[in-house]
Amino acid sequence: MKTIRWGILGAGRIARKFASDFSLVEDAQLVAVGSRSQESADKFGEEFPVKYRHDSYEALAQNPEVDAIYIATPHNLHYENTLLCLQNNKAVLCEKPFAMNTRQTIEMISLAREKKVFLMEALWTKFHPHYKKMKEMVGDGTLGEIRSVLANFGFIPPEPVPARIFDPELGGGTLMDIGIYNVFMAMSVLGKPDHIDAVMTPASTGVDETCAVLFRYNNGALAQLFSTFSSNLATEVDICGSKGRIRLTSRFYETSSTVEYYPGRFDTKQIIPVEKEPGFGYQYEARHVNDCLRKGLTESDVVTFADTLLLIETLDKIRETAGIRYSSD
């Protein structure tokens, strides 16, 4: 079985978490990193030994010893970074948000199809055991008919506040950074909303410091989604049906989350057992990409292009409704 050789484009916090989990990925090797300076690449390479330490993204994309690249740069760079890698025939796992808007997303997917090169959005939660258990319980009717989803994700950024949090040129704001998880979770169980209401409170830079979203469905179901950088929230999800309720505890998007099941109005909660592994949880999506590449696939059957398009189209609609704008629009 061929060892998949990986590179990481970007050398920041998420890149380091992904690299840390790579020791849990079988039949794969982290061989390269690409940064915008040699100093940054060397520092990363000292922490996570890699053979190739590139001082540019272009050098990483052109390295013939790299099969797949994980893109871990700020939101606004995902589009151009992905196109660069695809043009050099490198399989791509691109962090969320996949792009800044639907137009960019279509271009990225179109190039992947044209080049016949694998491309996937890194929605890591979709591969986590607690998420799969939740989907299983919803799918087998344990909760009955799903009537509502309540999702919240919020924190006060610690000092010094990372530039990407509030800078519009870096795709800052809560919706694209953390609110995307709320949207993803709601659509995972209720599907595409029939109607969207959304409002936001702007930060001094103009991006959304707080965003409240309401999904309305023609069958009467509702999803209330709230994201903020102005207060610390529970960061939990409640999925409520006619027969019971599931709560994904903090942090609902990570493997640390617990699945709590409430079968009735006043029943004591039941903790649903799920598999737990060491690490942050990035190993699951990396394993999936490796499986896809060994099968010769150019599109994931878990995070499909249709899934990615629906998510970004929904985010675009929320932004349009709430008045969240970026220069890339």
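Residues numbered from 1 in each chain as written. Predicted model: local features only at pLDDT ≥ 70, side-chain atom pairs only at ≥ 80, totals over all residues. Heavy atoms only, no water.

As for the sheet that holds strand S2 (residues 28-34)
If you walk across this open sheet you meet the six strands as S3-S2-S1-S4-S5-S6, and the pairing is parallel. For this open sheet the edge positions go to strand S3 (52-54) and strand S6 (119-122), each flanked by a neighbour on one side alone. Neighbour-to-neighbour, the strand axes of the sheet open up by a mean angle of 25°, direction not taken into account. Bridge count between S2 and S3: three bridges; the pairing is parallel. Paired with Gly 34 across the bridge in S3 is His 54. (Pairing = 2+ DSSP bridges. Helix = DSSP H or I, 4+ residues; strand = E, 2+ residues; numbered from the N terminus. Axes fitted to C-alpha atoms, helices over the stretch in contact; angles between N-to-C directions.)

A word on the nonpolar core
Counting 86 residues, the largest nonpolar core has Trp 6, Phe 18, Tyr 70, Met 134, Val 183, Phe 215 and Ile 318 as the members making the most contacts within it. Counting residues per element, this core draws most heavily on helix H8 (residues 174-190), at twelve residues. For Val 183, the residues in contact, after removing those within four places along its chain, are Leu 175, Phe 215, Leu 225, Leu 311, Thr 314, Leu 315 and Ile 318. With 25 residues, the next largest nonpolar core counts Leu 60, Ile 71, Leu 84 and Cys 85 among its residues. (Core = buried A, V, L, I, M, F, W, Y, C linked by side-chain atoms within 4.5 Å. Buried < 20%, exposed > 50% of the residue type's maximum accessible area, 1.4 Å probe, protein only. Contact = heavy atoms within 4.5 Å.)

Things to note about the pairing of strand S12 (residues 245-248)
Here S12 shows a buried face lined by Ile 246 and Leu 248 and an unburied face lined by Arg 245 and Arg 247. Summarising the sheet, strand S11 (residues 237-241) and S12 pair through four bridges and their orientation is antiparallel. Residue Ile 239 lies in a different strand from S12, and its bridge partner there is Ile 246. Where S11 folds back onto S12 in an antiparallel hairpin, the turn is made up of three residues.

Some words on the pairing of strand S5 (residues 91-95)
In terms of burial, S5 is largely enclosed, as five of its five residues are buried. The alternating pattern of S5 places Ala 91, Leu 93 and Glu 95 on one face and Val 92 and Cys 94 on the opposite face, and all of these are buried. Across four bridges, strand S4 (residues 68-71) lies against S5 in parallel orientation. What sits directly across from Ile 69, in S5, is Val 92. Once the chain exits S4 it traverses helix H4 (residues 78-87) before rejoining the sheet at S5, and the crossover so formed is right-handed. Bridge count for S5 against S6 is four bridges, and the pairing is parallel. (Right-handed = clockwise from strand over helix to strand, strands pointing away.)

The values are spatial; any link to function lies outside them.
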